[in-house]
Amino acid sequence: MNQIDIERTAFRSRMLGGIRSADEGAEVELAGWVHRRRDLGGLVFLDLRDRSGLVQVSLGPDWTDAASLALAHQLGAEDVVAVVGSVVVRPSENQNPDIPTGEIEVRASVLRRLTDVDTPAIPVYRGPEDELPSEELRLKHRVLDLRRTELQENLQLRHRLILACRNYLDRLGFIEVETPILTKPTPEGARDYLVPSRVHHGEFYALPQSPQIYKQLCMVAGFDRYFQIARCFRDEDLRADRQPEFTQIDVEASFVDPDDILGWMEGLMVALAVEAPRIEAHAPFTRMTHAEALERYGTDRPDLRYGVEIQDWTKALARLDAPVFEAAVAEGGRVRGLLLEGGAALSRKQIEAIEGQAKATGAPGLLWAKRTDDGGSGSLARFMDEEAYDEVGMKPGDLALAAAGSDSMTSPALDAARLAAIEALELSPDREHAWLWVVDFPVFEEGPDGALTANHHPFVMPHPEDEDRLEQEPLGVRGLAYDLVFNGVELGSGSIRNHDTVLQRRILRLLGLDDAEIDMKFGFLLNALSSGAPPHGGVAFGVDRLVALFVGAASLREVIAFPKTTAARALYEGAPTVLGAHDLAELGLSLTSPVSEAGFVEEGGSQASEAARTSEAET
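These lines cover the structure that appears in this document, whether it is placed above or below. This structure is a prediction, so every number in the text was calculated from the model and none was measured.

Reading guide: rules and limits
Residues numbered from 1 in each chain as written. Predicted model: local features only at pLDDT ≥ 70, side-chain atom pairs only at ≥ 80, totals over all residues. Heavy atoms only, no water. Helix = DSSP H or I, 4+ residues; strand = E, 2+ residues; numbered from the N terminus. Buried < 20%, exposed > 50% of the residue type's maximum accessible area, 1.4 Å probe, protein only. Contact = heavy atoms within 4.5 Å. Areas by Shrake-Rupley, 256 points an atom, 1.4 Å probe, with all protein chains shown as cover. Lys, Arg positive; Asp, Glu negative; His and termini not counted. Charge placed at Lys NZ, Arg CZ, Asp CG, Glu CD. Core = buried A, V, L, I, M, F, W, Y, C linked by side-chain atoms within 4.5 Å. Patch = residues over 30% accessible without salt bridge, like charges linked within 9 Å, V, L, I, M, F, W, Y side chains within 5 Å. Salt bridge = Lys/Arg side-chain N within 4 Å of Asp/Glu carboxyl O. Pairing = 2+ DSSP bridges. Axes fitted to C-alpha atoms, helices over the stretch in contact; angles between N-to-C directions. Disulfide = S-S within 2.5 Å. Phe/Tyr/Trp six-rings, centres within 6.5 Å; stacked < 30°, edge-to-face > 60°. Lys NZ or Arg CZ within 6 Å of the ring centre and 35° of its normal. Polar contact = N/O pair within 3.5 Å; in protein donor to acceptor, adjacent residues only side chain to side chain.

1. Description of the overall build of the protein chain
- Helix and strand content of the protein chain: 19 helices and 22 strands.
- Along the three orthogonal principal directions, the C-alpha set of the protein chain runs to about 90 × 75 × 55 Å.
- Out of the 619 residues in the protein chain, the part that is buried amounts to 47%.
- In the protein chain, 67% of the contacts between residues at least 6 apart in sequence involve partners at least 24 apart.
- Surface summary for the protein chain: the accessible area is close to 29,800 Å², and the carbon and sulfur share equals 51%.
- Within the protein chain, the 101 negative side-chain charges are centred at a point lying 3 Å from the centre of the 62 positive side-chain charges.

Encoded structure:
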């Protein structure tokens, strides 16, 4: 089929965005929304819009029938219309170079209004000086907001990226397998969304936080290479960069090691970058161990576009008569810092703002010094001598920022200071597209209460060299786990999985589960692994975050058709909403406390009965 055949429907012969000067003289049937109307009395110009773009339609007494011209004077914004006309090339002085169809217009002989709409609650057309309505208002009227060119383009790119992903993985022999949405609650990093069973009162499904266990089961079942564009759900505390439901590219393969997965996924990113004009990806990507990333950048997702690195100044500065350094070293800590070439140009106010970012991570503060031709200045400078300046590599005009203490305190503080300093100094990036694999993540980390928790998840295979240290030194055990980072943003995580049931049980015990809990929560997985599991591993990438980065969107909500707010509310459809007492009773449920007014009076939602809002807990 050619392009026009694909676009033809009962209402149009083609879509709008592809009409060009080469189509001069062609008779066309078009349909779309009135983006803007300019009424010049005798002549009416319409900017007609569909998903593919805009085209100018002109109506005048010499080429348009009288009824159609009369209708054109009455049209409002967002009316849905159909036109029949011919393509003409505009005079050069009237052409619009800002749009692809700017060389032509369609002279309409017939105009029909397909839908007469109410005055739009928010405008779709915006002039150069017009600002967007508030985000809350746009989310309440999301259908109109989605007509904006920016959002249309974002979602079309999202489609192309997912299609490219499917095609790439299919060529590598992966097959797409759908896994359950109604599943079993699992202990992961966030709360599950629970779904009560109407048939089995008192029992609950959970919406999946990820297909992790199921994709492992697919490997045990012998599918060898699996992928899924998976919907996932996490009932997390409110965060600006997270959505309670999200999409991920989920991949798993058998008989693999990390190099297999990382190589395939580098190829995937290269394939996706082809679809995104703003992004470049060239394999192989840089690799860095988790320990090295924390040492050099203070974070496991460093932005490698900039060369500023954390340095260990313990030897150079601990000898100085500085009590804060002496105390830190005496307690087993270190003195670490950032050397900023030309940083002495920053004002005291700017340096205090950088220090404020470090303090926001929980650090007590930073010491700083500017080196000048006649000495130095700053809270660190009063301890420094010429030898110390030379040892840390400072030249006149440079700025040093130092933190003293445990690595767990100085790393996040200096990471925050590094990013703030890069912004304050307006440093130019050494490269525009910094792809990085961070590898060898620890299997465990220490939770707030001192107990062990899983760093990635409980199913990571420990590094073979560290397996013997599991019980004696668990926090030092590396895992065959990896993250993909792009320009300082984590795009996805993965690992080689633990296919050894004995080893898996040891890890779950270290996480505080006894054998009865292990069997209750993970018995089906362990049973599957014991039936003959191949070595396997995989990775998952967040589609929403990936698309947002690829289009340069400031928010994930700009690349999701119907997103939730930061309060996890769907303003357009009015969700979540309150159920009446009858609906709750069918599920064997009732409420323990009254529902807030904001919770049950929603636009388009249902209102709970008084009994449902005041009843006591009952299952």
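2. A short note on the nonpolar core
- Core analysis: the largest hydrophobic core is formed by 54 residues, its most contacted members being Met-265, Trp-435 and Phe-541.
- With nine residues, helix α7 (residues 258-274) is the single largest residue contributor to this core.
- Filtering out sequence-adjacent residues up to four positions away, Met-265 remains in contact with Leu-169, Val-251, Trp-437, Val-539 and Phe-541.

3. Here we look at unusual backbone geometry
- In the segment running from Ala-283 into Pro-284, the intervening peptide bond is cis, with an omega of 0°.
- Mapped onto the elements of the fold, Pro-284 is located in the loop between α7 and β11 (286-289).
- Between Ala-575 and the following residue, Pro-576, the backbone shows a cis peptide bond with an omega angle of 0°.
- The residue Pro-576 is located in the loop between α16 (543-551) and α17 (581-586) in this model.

4. Comments concerning a nonpolar patch on the surface
- A cluster of nonpolar side chains, contributed by Val-143, Phe-562 and Tyr-572, occupies part of the molecular surface with about 260 Å² of accessible area.
- Take Tyr-572: it is sitting in the loop between α16 and α17.
- Tyr-572 sits in the partly exposed class, given a relative accessible area of 37%.

5. Quick word on the sheet that holds strand β2 (residues 44-50)
- Reading around the barrel, the five strands line up as β1-β2-β3-β5-β4 and close back on themselves, with mixed pairing between neighbours. For this sheet, the mean angle separating the axes of adjacent strands, direction not counted, is 55°.
- Relative to strand β5 (residues 104-115), strand β4 (residues 80-89) is paired through ten bridges, and the arrangement is antiparallel. When the bridges of β5 are listed, Val-87 appears paired with Val-106.

6. Here we look at α16
- All buried positions along α16 are accounted for by Val-543, Asp-544, Leu-546, Val-547, Ala-548 and Phe-550.
- At its buried positions, α16 is contacted by α5 (149-171), β10 (245-254), α7, β17 (435-439), β21 (489-496) and β22 (536-542).
- At the exit of α16 stands Gly-552, carrying a positive phi of roughly 75°.

7. Description of the state of the cysteines
- All told, the structure shown has zero disulfides when counted by the stated rule.
- Cys-218 takes part in no disulfide bond, and the closest cysteine sulfur, belonging to Cys-232, lies 14 Å away.
- You can call Cys-218 buried: its relative accessible area is 9%.
- This cysteine, Cys-232, is not joined by any disulfide, and Cys-165 carries the nearest cysteine sulfur, 14 Å off.
- Residue Cys-232 is classed as buried on the basis of its relative accessible area of 0%.

8. Remarks on the packing of aromatic side chains
- Following the criterion strictly, the structure yields six aromatic pairs and no others.
- Ring centres 5.0 Å apart and planes at 20° place the aromatic pair Phe-285 and Trp-435 in the stacked group. Taken together, the positions of Phe-285 in the loop between α7 and β11 and Trp-435 in strand β17 put the pair 150 residues apart, joining distant regions of the chain. Here Phe-285 and Trp-435 have matching classes, each one buried.
- Relative to Tyr-572, the ring of Phe-562 lies with its centre 6.1 Å away and its plane at 45°, an arrangement referred to as tilted. Here Phe-562, found in the loop between α16 and α17, pairs with Tyr-572, found in the loop between α16 and α17; they are ten residues apart in sequence, far enough to count as distant.
- Of the residues examined, Phe-562 reaches a relative accessible area of 41% and is grouped as partly exposed.
- One aromatic cluster in this structure is built from Phe-285, Trp-435 and Phe-486.
- Above the face of the Trp-63 ring, Arg-107 is positioned so that its terminal group lies 4.7 Å from the ring centre.

9. Side note on the sheet that holds strand β12 (residues 310-312)
- Pairing is antiparallel across the open sheet formed by five strands, whose spatial order is β12-β13-β16-β14-β15. In this open sheet, the two strands that pair with only one neighbour each are β12 and β15 (375-377). Averaged over all pairs of adjacent strands, the angle between their axes in this sheet comes to 30°, without regard to strand direction.
- Sheet topology places strand β14 (residues 367-372) next to strand β16 (residues 399-405); four bridges connect them, and they run antiparallel. Looking at the pairing, Lys-370 lines up with Leu-399 of β16.
- Against the sheet, helix α8 (residues 290-297) engages β12 and β13 (334-340), with an angle of about 90° to β12.

10. Details of the side chain of Asp-398
- Position of Asp-398 among the secondary structure elements: in the loop between α12 (386-391) and β16.
- Judged by its relative accessible area of 3%, Asp-398 falls in the buried class.
- Of the polar contacts made by the side chain of Asp-398, one reaches the backbone nitrogen of Gly-342; its length is 3.1 Å.

11. A closer look at the environment of Thr-410
- Inspection of the secondary structure puts Thr-410 in helix α13 (residues 407-425).
- The sequence separation of Thr-410 and Gly-362 amounts to 48 residues, and the corresponding C-alpha distance is 9.5 Å.
- Those residues in contact with Thr-410 that lie beyond four places of it in its chain are Arg-336, Ala-403, Ala-404 and Gly-405.

12. Overview of the pattern of salt bridges
- Under the criterion given, the structure shown has 52 salt bridges.
- The salt bridge involving Glu-135 is made with Arg-557; its shortest N-O contact spans 2.8 Å. Taken together, the residues span a long stretch of sequence, with Glu-135 in helix α3 (residues 135-140) and Arg-557 in the loop between α16 and α17 at a distance of 422 residues.
- A relative accessible area of 10% places Arg-557 in the buried class.
- Here Arg-505 and Asp-515 are joined by a salt bridge, their closest N and O atoms 3.3 Å apart. Highlighted residues: Arg-505 in helix α14 (residues 501-510) and Asp-515 in helix α15 (residues 515-529), separated in sequence by ten residues.

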